[in-house]
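Understanding the architecture of this molecule
Letter by letter, the chains look like this.
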Amino acid sequence: MKKLLTISKDASIKVASTIYDYLAADHIYLPIDPTDKLLIHSKNVTKGELLYRHKKKGYYSPVSGKVLKIEEKKNKEGKKQYYLNIKNDYQENDSYAGISEFTTVKISTDFVKKVREYPDYSWYKFRRKEKIILNGMEDEPYVANKTFLHKYYAREILQMLDILGDVFKIPEIVLCFKENDRESIETVEAFIGTYPNMSLKILPDVYPIEEREILSRYLPVNDESVVLSSEEVFDLYREIVKERRKDAVLITLTGDAVTTPKVVRVKIGTPLQEVVSATMNFKSQDYQVIVNGLLKGTVSNIQDIIITEDIRVVYFMVKKVTHESACIHCGKCNEVCPVRCKPYLAYLSQGKRCDEQCLECGLCSFICPSHIPLYKYIGGKHE
Amino acid sequence: MSKVFVYFEQNTKKIQWAIFGSFLVLAFYGAYKNGFTYYFQGLLSFVDAMKFLLFPFIGLLGAFFYGVILSKKLQFSLEYAIEGVLLALFMPVRFPIWCFIVLVILYFGLKNLWQKKLSTISLLCFMKVLSMVLSKFVFFIDYQNVIETSYPYLYGITDAFFGRGVGAYGTTSIFLILVCYVAFCSDYYYKRELPVYILGSFLLLETAYVLFVTHENLLLTLLNSHIFFASIVLAPMKNHSPAESKYLLIFGLFVGIGSFLLNAFFDFSDGIYIVLLFAQILWTLALSFQKLYYQKTLVKQKD
Ligand code: SF4
Ligand code: SF4
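So, here's what we can say about the structure. (Residues numbered from 1 in each chain as written. Chains lettered and ligands numbered in written order. Predicted model: local features only at pLDDT ≥ 70, side-chain atom pairs only at ≥ 80, totals over all residues. Heavy atoms only, no water.)

Some details on the site of ligand 1
Around ligand 1, 13 residues are found, and the nearest of them are Cys 337, Cys 358, Leu 359, Cys 361 and Cys 364 of chain A. In this structure ligand 1 sits where residues from chains A and B come together. Of the residues contributing to the shell around ligand 1, the split by class is 11 nonpolar, 1 polar and 1 charged. (Near = heavy atom within 4 Å. Nonpolar A, V, L, I, M, F, W, Y, C, P; charged D, E, K, R; others polar.)

Topic: the site of ligand 2
Every residue lining ligand 2 is accounted for by Cys 327, Ile 328, His 329, Cys 330, Gly 331, Cys 333, Tyr 344, Cys 368, Pro 369, Ser 370 and Ile 372 of chain A. Split by residue class, the shell around ligand 2 holds 8 nonpolar, 3 polar and no charged.

Considering the interface of chain A and chain B
A common way to report how large an interface is uses the accessible area buried once the components associate. At the junction of the two partners, chain A supplies 42 residues and chain B supplies 27 residues. For the pair chain A and chain B, the two sides together bury roughly 3200 Å², of which 64% comes from carbon and sulfur. Broken down residue by residue, the surface that chain A buries against chain B is led by His 329, Leu 348 and Tyr 375 of chain A, which jointly contribute 20%. Scanning the region where chain A abuts chain B turns up 0 salt bridges. (Contact = heavy atoms within 4.5 Å. Buried area = accessible area lost by both parts, 1.4 Å probe. Salt bridge = Lys/Arg side-chain N within 4 Å of Asp/Glu carboxyl O.)

A word on the packing of helix 1 (residues 12-40) of chain B against helix 9 (residues 174-184) of chain B
Residues and elements named next belong to chain B. In contact at an axis separation of 9 Å, helix 1 and helix 9 are set at 175° when each is read in the N-to-C sense. Classified by the angle their axes make, helix 1 and helix 9 are roughly antiparallel. Along its contact with helix 1, which presents Ala 18, Ile 19, Ser 22, Phe 23, Val 25, Leu 26 and Tyr 29, the element helix 9 presents Leu 176, Ile 177, Cys 180, Ala 183 and Phe 184. A breakdown of the residues in the contact of helix 1 with helix 9 according to their chemical character gives 11 nonpolar, 1 polar and no charged. (Axes fitted to C-alpha atoms, helices over the stretch in contact; angles between N-to-C directions. Helix = DSSP H or I, 4+ residues; strand = E, 2+ residues; numbered from the N terminus. Parallel < 35°, antiparallel > 145°, perpendicular 65-115°, else oblique.)

Points about the sheet that holds strand 14 (residues 287-291) of chain A
Residue and element names in this part refer to chain A. Read from one edge to the other, the open sheet built from 6 strands follows the order 1-13-12-16-14-15, with strand pairing classed as mixed. In this open sheet, the two edge strands, each paired with only one partner strand, are strand 1 (19-22) and strand 15 (298-300). Neighbour-to-neighbour, the strand axes of this sheet turn through a mean angle of 30°, independent of strand direction. Pairing of strand 1 with strand 13 (residues 262-267), which is carried by 4 bridges, proceeds in the parallel orientation. Bridge pairing in strand 13 places Asp 21 opposite Arg 265. (Pairing = 2+ DSSP bridges.)

Digging into a positive patch on the surface
On the surface, Arg 116, Arg 127, Arg 128 and Lys 169 of chain A cluster together into a patch of positive charge. Its location among the elements puts Lys 169 of chain A in the loop between helix 2 (145-167) and strand 9 (172-178). (Patch = residues over 30% accessible without salt bridge, like charges linked within 9 Å, V, L, I, M, F, W, Y side chains within 5 Å. Areas by Shrake-Rupley, 256 points an atom, 1.4 Å probe, with all protein chains shown as cover. Lys, Arg positive; Asp, Glu negative; His and termini not counted. Charge placed at Lys NZ, Arg CZ, Asp CG, Glu CD.)

Description of the packing of helix 4 (residues 78-89) of chain B against helix 5 (residues 97-117) of chain B
Residues and elements named next belong to chain B. Running from N to C, helix 4 and helix 5 point in directions that differ by 135°, and their axes come no closer than 11 Å. In terms of orientation, helix 4 and helix 5 fall into the oblique class. Viewed along their axes, helix 4 and helix 5 form a crossing whose handedness is right-handed. Contacts between helix 4 and helix 5 involve Glu 79, Tyr 80, Glu 83, Gly 84, Leu 87 and Ala 88 on the former and, on the latter, Phe 100, Val 104, Tyr 107, Phe 108, Lys 111, Asn 112 and Gln 115. Here the residues of the contact of helix 4 with helix 5 sort into 7 nonpolar, 3 polar and 3 charged. (Left-handed = near helix turned anticlockwise from the far one by under 90°.)

Written as structure tokens, this is what we have:
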């Protein structure tokens, strides 16, 4: 088995020990296509109200307030994007009753029906499966979303997994954590005893273990298993058991330019600039904003970032000048590639090569002593 | 694909100091072995013994002149210093100092241009081969020092291992070279498997040859300091050997087998430098073909 790499981390970048909330955005911006039909009856909307459907996915209002207009803004990739602007009235009027306390769910026929018919979720992936694998790991350095989720909601996550096992008749549930995430392991260990169908799997802190291809080297991940992330399971719990729409996400705001990195709970559709002004302090002002990963992220303009469900981490990294120099033929790019692609050869050809197997994990560029941006020469299916 | 914003970092300065330090140890050992031991035995004057320190000193002076004064850099580059001492290490002990100065000037003068045009061929290796040619055909000297040429000597296995044997100025001690290997291995980018391929193939063939053909003292024949030095220090240097593991293996075997052939059949104990240079030239050519081939396949992929 090919040896995988552990990404070394700067010990001084330590996330604060509690979740911070920023749930009071003045305006919420939800990405919309001008052709999407608004499904609201009046301009005043309640929290959790279905606003429109885009590519079959329902978009629900994360706040109660007034729908203003569709605006054109730049998105995090710097491209033009339309957003539906909702003015928050801070009333948090909820269209769902919601259940506030932790409840033990009884698996009745009605409940099974409710799960199976729940919209906006592809339940077919649970069909004829033998095992659910919970991915409780974070690949990208300094991200702590899942650790905090486990810390506060381990009981709920395990309950939802148990429900899924019962509803879809899946006998085995494996919970995967990285060996260095002691906090998650200890929290989950406190609850796992009540679930005989669940087992714990501690995996090494190697990159990119979250990728299915890599995970399958440590435990059988095949057609008979379904992999779910902790966030996905918790969202299902909230939506199905608590009957609340997802209105907020956890994001890690970190980097060597900030004084204290934090995990912040923030309403979907909030401009990042607002969150940062309200929650973060900086050691250095000369930073660049990187979204979703130091090894596979994109650099972005802070004004252009609207919090969406796909943003998990924003890095504020002190700008460093890295010079690209000539290849020294060390071969490390080929050596570290977890799926045995040949980035070195792609570089030799000086053109963009598409390799079906490439995970776009960025390890080859990370390891290159000449700082050659190998991602310019090799890419995977997404190219 | 998205960008990468962090890079693997190792403490390059620390590694360079470790390499520089180990080279200095080799250089001091060279001065001790070829000069001071004889001075203590009353065979050399103190001044003559001190002369041996001139080799690394000139190398360092050249490095300082080119690396600081000519390039107008304020900081002394360790890379230059390492190369300056390295040049001294593989010189025959009786190599004329004036000619060594010329080689140092030539080396540092050519360094930048060579790196631009012929980056995959080692200029150090080229300089070594040049010094071998000059020694053999112009100065008619071998690797013996003045005392070794005048007194009969018989070296044992421990002598050969610890460096009392005949060899270039700073390369006789296999023990110290192996210590250098440990220092080099702290560099993540050092191709540690290459010395294994070269030494493995050379030692295996040489063993078979000695056992079945010459019946000489096996261990003494195997302890060839040129092979150890070139395979551990010169061959794995950045830029100068293939990146892909299978080609690196071929490269290593080629150098190992070539060195054995030159050593066994042409009595070139230091033939490894020639083979290494030749292997680098061949690899450079192969690399150009490989580039062409991949560019062509890329065009096809686009089609
Ligand atoms: S980005 Fe692609 S080629 Fe580079 S290491 Fe990852 S999988 Fe391999
Ligand atoms: S890691 Fe960089 S320097 Fe090393 S072979 Fe690959 S491209 Fe060349």
